[in-house]
Amino acid sequence: MKERPCFLKIKEQLKGIRWGNFLGLTVAGIVNAYGVIMFLAPVKLFDSGISGTSMLISQYTPQWCSLSLMLVLLNIPVFLIGLKKEGLPFTIYSIYAVLIYSLVAWIITDVLPVDVSFASPLANQDLFLCAIFGGIISGMGSGLTVRFGGAIDGIDILGVMFAKRIGLSLGSFVMIYNVVLYIICGMVMSSWILPLYSIVTYAAASKTIDFVVEGLDRSKAAFIITTRPEQVCKALSDTFENGITTISAKGYYSNSDRTMIYFVVNHFQIGRMKNIVHQMDPKAYIAINEVADIFPSANIDDA
């Protein structure tokens, strides 16, 4: 009896799951919960995205609507809705991370002998310290989740589903969502102090996520347009011993042939690279972009 195509597709996607990632996702969930429960929740600061929405609901609803429960009820349906677009491995990773986050949050608040009802055990009621360290630690958890193939907050899934439909980029959608969330928080609390400090938390978390996901020192991709490709490529190759890619190009106004060189260097090599290029071709045009990750192929000599 032949298996149905849908089951074959599921089996194929399950092969893409790396079981070692669950260890990293476990650490990510624990770290995220620690940052939120030990620093943000005690002083009523708000995380961003659906996590922040869960915190707001848990603070102004009956006690049984705990943060742990709200995280599960709001996040998991979003990940399931985005299953078709994001794929099965991503959805499984994300749901697992949310469950760990929720479980650890419950353990800290209801099991461990730690009082987080009115002040942070580590920063007391200092809002600035709670905002900074809560944002950094929860950002580390979110960044680790991304590194291991998932997401710990469903806001990005909502962005993927709705941003283009309303003419926004993903980043703009997430930012607008958080701005609206913090405005609602201020209106509900009749005070703007905590929502404003929550923006500090959001900024600290965003920078930390970038650091964890992309690294401190991103590589730089140089696009060099030159009429002397042989000399430029030889000088760069001899100096840096990196792979080089050349692309044929043509000047629009001059209608003359050009060569575009794609070359990746680190932050500290940019100045030296520019000097070498302009020594070989003083009229060369150089554009430099940041690249977050580089995945070399064993089958390709030049990159």
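Quick note: structure is the one above.
Residues numbered from 1 in each chain as written. Predicted model: local features only at pLDDT ≥ 70, side-chain atom pairs only at ≥ 80, totals over all residues. Heavy atoms only, no water.

The next thing to look at is the nonpolar core. Inside soluble globular proteins, nonpolar side chains tend to come together where they are buried. Grouped together as the largest cluster of nonpolar side chains are 36 residues, with contacts concentrated most on Val36, Ile37, Leu45, Phe46, Met55, Leu67 and Tyr101. Elements supplying a minimum of two residues to this core: α2 (21-40), α3 (49-59), α4 (67-81), α6 (88-111), α7 (127-147) and α9 (170-189). Sorting elements by how many residues they give to this core places α2 first, with nine residues. Counting residues in each nonpolar core, the second largest holds 17 residues, with Cys233, Leu236, Ile244 and Val265 among its members. (Core = buried A, V, L, I, M, F, W, Y, C linked by side-chain atoms within 4.5 Å. Buried < 20%, exposed > 50% of the residue type's maximum accessible area, 1.4 Å probe, protein only. Helix = DSSP H or I, 4+ residues; strand = E, 2+ residues; numbered from the N terminus.)

Helix length check: α2 (20 residues) gives 27 Å between terminal C-alpha atoms against 28 Å at 1.5 Å per residue, within 8%. By the criterion of burial, α2 is predominantly enclosed, with 15 of the 20 residues buried. (Expected span 1.5 Å × (residues − 1).)

Two elements in contact, α2 and α7, have axes separated by 7 Å at closest approach and are oriented at 165°. One element, α2, and the other, α7, form an angle in the roughly antiparallel class. As for the relative orientation of α2 and α7, their crossing is left-handed in sense. Note on element contacts: α7 touches α2 through Cys130, Ala131, Phe133, Gly134, Gly135, Ile137, Ser138, Met140, Gly141, Ser142, Leu144 and Thr145, opposite Leu25, Val27, Ala28, Val31, Asn32, Tyr34, Gly35, Val36, Phe39 and Leu40. (Axes fitted to C-alpha atoms, helices over the stretch in contact; angles between N-to-C directions. Parallel < 35°, antiparallel > 145°, perpendicular 65-115°, else oblique. Left-handed = near helix turned anticlockwise from the far one by under 90°. Contact = heavy atoms within 4.5 Å.)

Further remarks concern the pairing of strand β2 (residues 244-250). In the sheet, β2 pairs with strand β3 (residues 257-265) via seven bridges, with the strands oriented antiparallel. For Ala249, the partnering residue across the bridge sits in β3 and is Arg258. The antiparallel pairing of β2 with β3 creates a hairpin that spans six residues between the two strands, and Asn255 there sits at a positive phi of about 55°. (Pairing = 2+ DSSP bridges.)

Looking now at the sheet that holds strand β1 (residues 219-226). One open sheet holds the four strands; their spatial order is β2-β3-β1-β4, and the pairing between them is antiparallel. Edge positions in the open sheet fall to β2 and β4 (285-291), since each of these has one partner strand only. Neighbouring strand axes in the sheet, compared pairwise and without regard to direction, differ in orientation by 20° on average. As defined by bridge partners, β1 adjoins β4 across seven bridges and the pair is classed as antiparallel. Opposite Ala222, over in β4, you have Ile288 as the bridge partner. Relative to β3, helix α11 (residues 229-240) is tilted by about 10°, and along the sheet it contacts β1, β2 and β3. Along the sheet, helix α12 (residues 270-280) makes contact with β1, β3 and β4, crossing β4 at roughly 155°.

Let's shift gears to the pattern of salt bridges. A side chain of one charge can pair with a side chain of the opposite charge when the charged atoms of the two come close. Under the definition given, this model contains three salt bridges. Two residues, Glu290 and Lys220, come together in a salt bridge whose shortest N-O distance is 3.0 Å. Here Lys220 lies in strand β1 and Glu290 lies in strand β4, a separation of 70 residues in the sequence. Of the residues examined, Lys220 reaches a relative accessible area of 12% and is grouped as buried. Linking Lys234 and Asp238 is a salt bridge whose minimum nitrogen-to-oxygen distance equals 2.8 Å. (Salt bridge = Lys/Arg side-chain N within 4 Å of Asp/Glu carboxyl O.)

This part covers the packing of aromatic side chains. What describes a pair of aromatic rings is the distance from one ring centre to the other and the angle between the planes of the rings. Applying the stated criterion across every chain yields a total of nine aromatic pairs. Arranged with centres 5.5 Å apart and planes meeting at 70°, the rings of Phe22 and Tyr93 form a pair that is edge-to-face. In this pair, Phe22 is assigned in helix α2 and Tyr93 in helix α6, connecting sequence segments 71 residues apart. Of the two residues, Phe22 and Tyr93, neither departs from the other in class, the shared state being buried. Pairing Phe39 with Phe133 gives two aromatic rings, centres 6.2 Å apart and planes at 25°, and the pair type is stacked. Within this pair, whereas Phe39 is found in helix α2, its partner Phe133 is found in helix α7, the two being separated by 94 residues in sequence. Through pairs of rings, three or more aromatic residues link up here, namely Trp19, Phe22, Tyr93 and Tyr96. (Phe/Tyr/Trp six-rings, centres within 6.5 Å; stacked < 30°, edge-to-face > 60°.)

Attention now goes to the side chain of Ser142. Relative to the helices and strands, Ser142 resides in helix α7. Residue classification places Ser142 among the buried positions, given a relative accessible area of 17%. If we ignore the near neighbours within four places in the chain, the residues touching Ser142 are Asn32, Ile152 and Ile209.

Summarising the element assignment, Glu12 is placed in helix α1 (residues 5-14). Considered as a pair, Glu12 and Leu88 are 76 residues apart in the sequence and their alpha carbons are 9.8 Å apart.

What is shown is where atoms sit, not what they do.
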